[in-house]
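Chain residues, written in single-letter form:
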Amino acid sequence: MSFKDSKPTFQMRSLLLLALVSATAYASFDKIKDSIQNPLARGFGDDIAWVKWEDAIETALDTNKPIFLLIHKSWCHACKALKKTFQQSNAKKAFKKLSEHFVMVNTEDDDEPFEEEYRPDGKYIPRLLFLDKNGDLLPEFKNKKAEYKNYAYYYSSPADILNSMKDVLKHFGVDIPETKRGDKLKPKKPEGKKKEL
């Protein structure tokens, strides 16, 4: 009797079912594990080293880095839209790279700092502020392409966030080679025929 002629036995079907259930459980476990490993991500990048607001200034002082402070709410439509844009965006890689030079803080709902300093032009959300290592607002770093002029710290585009991040790093003299065009990225001019002597 060949293998092709045999019918799957109860034990073989059970084994296949067990393998399928195990694979599904493992995939689900990976998703759960990521949210447990990085509960501060809140959908804005599980691969970002998010820090609690309470620990941000101490961490910034220890690492000598500026603070990226994202303030949003779980129920806010504009916040959800920004989150979705980041999840689908090709800016994800650049955001990850730039985030390494900041103390990244992602506050949601009641985690928001209550001091007026962090509401420079209102309590709207989402709001993105850049702070120095002491936790003081850097008011010159706003969304240059703000859609709403009265809400200078509102960002709807990942590209605008990345540009502000680069501006902050430039202000602090942090050189990011990945964001510059190197010689190898410049188009080469075709060489003309050389004259023979």
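Fair warning: this is a prediction, and the values are worked out from it, not measured in the lab.

### Points about the nonpolar core
- Counting 24 residues, the largest nonpolar core has Phe68, Phe95, Phe130 and Met165 as its most contacted members.
- When contributions to this core are tallied by element, the ones reaching two or more residues are β2 (67-72), α3 (77-88), α4 (92-99), β4 (127-131) and α5 (158-171).
- Tallying contributions element by element places α5 first for this core, with five residues.
- Residues contacting Met165, with those up to four places away along its chain left out, are Phe68, Phe95, Leu98, Ser99, Phe102, Met104 and Phe130.
- Val51, Ala60, Ile71 and Tyr153 belong to the second-largest nonpolar core, a separate cluster that totals 20 residues.

### Quick look at a negative patch on the surface
- A surface patch of like charges, here negative, comprises Glu54, Asp55, Glu58 and Asp62.
- With respect to the helices and strands, Asp55 occurs in helix α2 (residues 53-63).

### Some remarks on the packing of aromatic side chains
- In total, this model carries eight aromatic pairs according to the counting rule given.
- Ring geometry for Trp50 and Phe68: centres 6.3 Å apart, planes at 55°, overall tilted. In this pair, Trp50 sits in strand β1 (residues 50-51) while Phe68 sits in strand β2, placing the two residues 18 residues apart along the sequence.
- Between Phe102 and Phe130, the ring centres sit 5.9 Å apart and the planes meet at 50°, which makes this aromatic pair tilted. Placement of the pair is Phe102 in the loop between α4 and β3 (103-108) and Phe130 in strand β4, with a sequence separation of 28 residues. When sorted by exposure, Phe102 lands in the same class as Phe130, which is buried.
- Here the aromatic residues Trp50, Phe68, Phe95, Phe102 and Phe130 are joined through ring pairs into a cluster of three or more.

### What to know about α5
- Over its 14 residues, α5 extends 20 Å from the first C-alpha to the last, a length consistent with the 20 Å expected when each residue adds 1.5 Å.
- Buried residues of α5: Pro158, Asp160, Ile161, Leu162, Ser164, Met165, Val168 and Leu169, and no others.
- Against β2, α3, α4, β3 and β4 lie the buried residues of α5.
- The N-cap of α5, judged by a side-chain oxygen 3.2 Å from the amide nitrogen of Ala159 a few residues on, is Ser157.
- Just downstream of α5 lies Gly173, where phi reads positive at about 75°.

### Observations concerning the environment of Glu108
- Among the secondary structure elements, Glu108 is positioned in strand β3.
- Accessibility expressed as a relative area gives 16% for Glu108, which makes it buried.
- Put simply, Glu108 and Ser74 are 34 residues apart on the chain and 6.5 Å apart in space, counted from C-alpha to C-alpha.

### Remarks on empty space enclosed by the protein
- Across all of its chains, the model carries one cavity of 30 Å³ or more by this definition.
- The space that makes up the largest cavity amounts to roughly 40 Å³.
- Phe44, Trp50, Phe68, Leu70, Leu82, Phe86, Phe95 and Ile161 together form the lining of the largest cavity.
- Among the elements of the structure, β2 and α3 are those that each provide at least two residues to the lining of the largest cavity.

### Points about the sheet that holds β1
- Spatially, four strands are ordered β1-β3-β2-β4 in an open sheet, and the strand pairing comes out mixed. Strands with a single pairing partner mark the edges of an open sheet, and in this sheet they are β1 and β4.
- Of the pairings in the sheet, the one linking β2 to β4 comprises five bridges and is antiparallel in character. Within the sheet, the bridge partner assigned to Leu69 lies in β4 and is Leu129.
- Seen against the sheet, α2 touches β1, β2, β3 and β4 and runs at an angle of roughly 175° to β3.

Reading the values: rules and limits
- Residues numbered from 1 in each chain as written.
- Predicted model: local features only at pLDDT ≥ 70, side-chain atom pairs only at ≥ 80, totals over all residues.
- Heavy atoms only, no water.
- Core = buried A, V, L, I, M, F, W, Y, C linked by side-chain atoms within 4.5 Å.
- Buried < 20%, exposed > 50% of the residue type's maximum accessible area, 1.4 Å probe, protein only.
- Helix = DSSP H or I, 4+ residues; strand = E, 2+ residues; numbered from the N terminus.
- Contact = heavy atoms within 4.5 Å.
- Patch = residues over 30% accessible without salt bridge, like charges linked within 9 Å, V, L, I, M, F, W, Y side chains within 5 Å.
- Areas by Shrake-Rupley, 256 points an atom, 1.4 Å probe, with all protein chains shown as cover.
- Salt bridge = Lys/Arg side-chain N within 4 Å of Asp/Glu carboxyl O.
- Lys, Arg positive; Asp, Glu negative; His and termini not counted.
- Charge placed at Lys NZ, Arg CZ, Asp CG, Glu CD.
- Phe/Tyr/Trp six-rings, centres within 6.5 Å; stacked < 30°, edge-to-face > 60°.
- Expected span 1.5 Å × (residues − 1).
- Polar contact = N/O pair within 3.5 Å; in protein donor to acceptor, adjacent residues only side chain to side chain.
- 1 Å grid on protein atoms, 1.4 Å probe; cavity = no way out; pocket = protein on both sides within 12 Å on 5 of 7 lines; lining within 4 Å.
- Points joined across faces, edges and corners; volume = space filled by probe spheres on them.
- Pairing = 2+ DSSP bridges.
- Axes fitted to C-alpha atoms, helices over the stretch in contact; angles between N-to-C directions.

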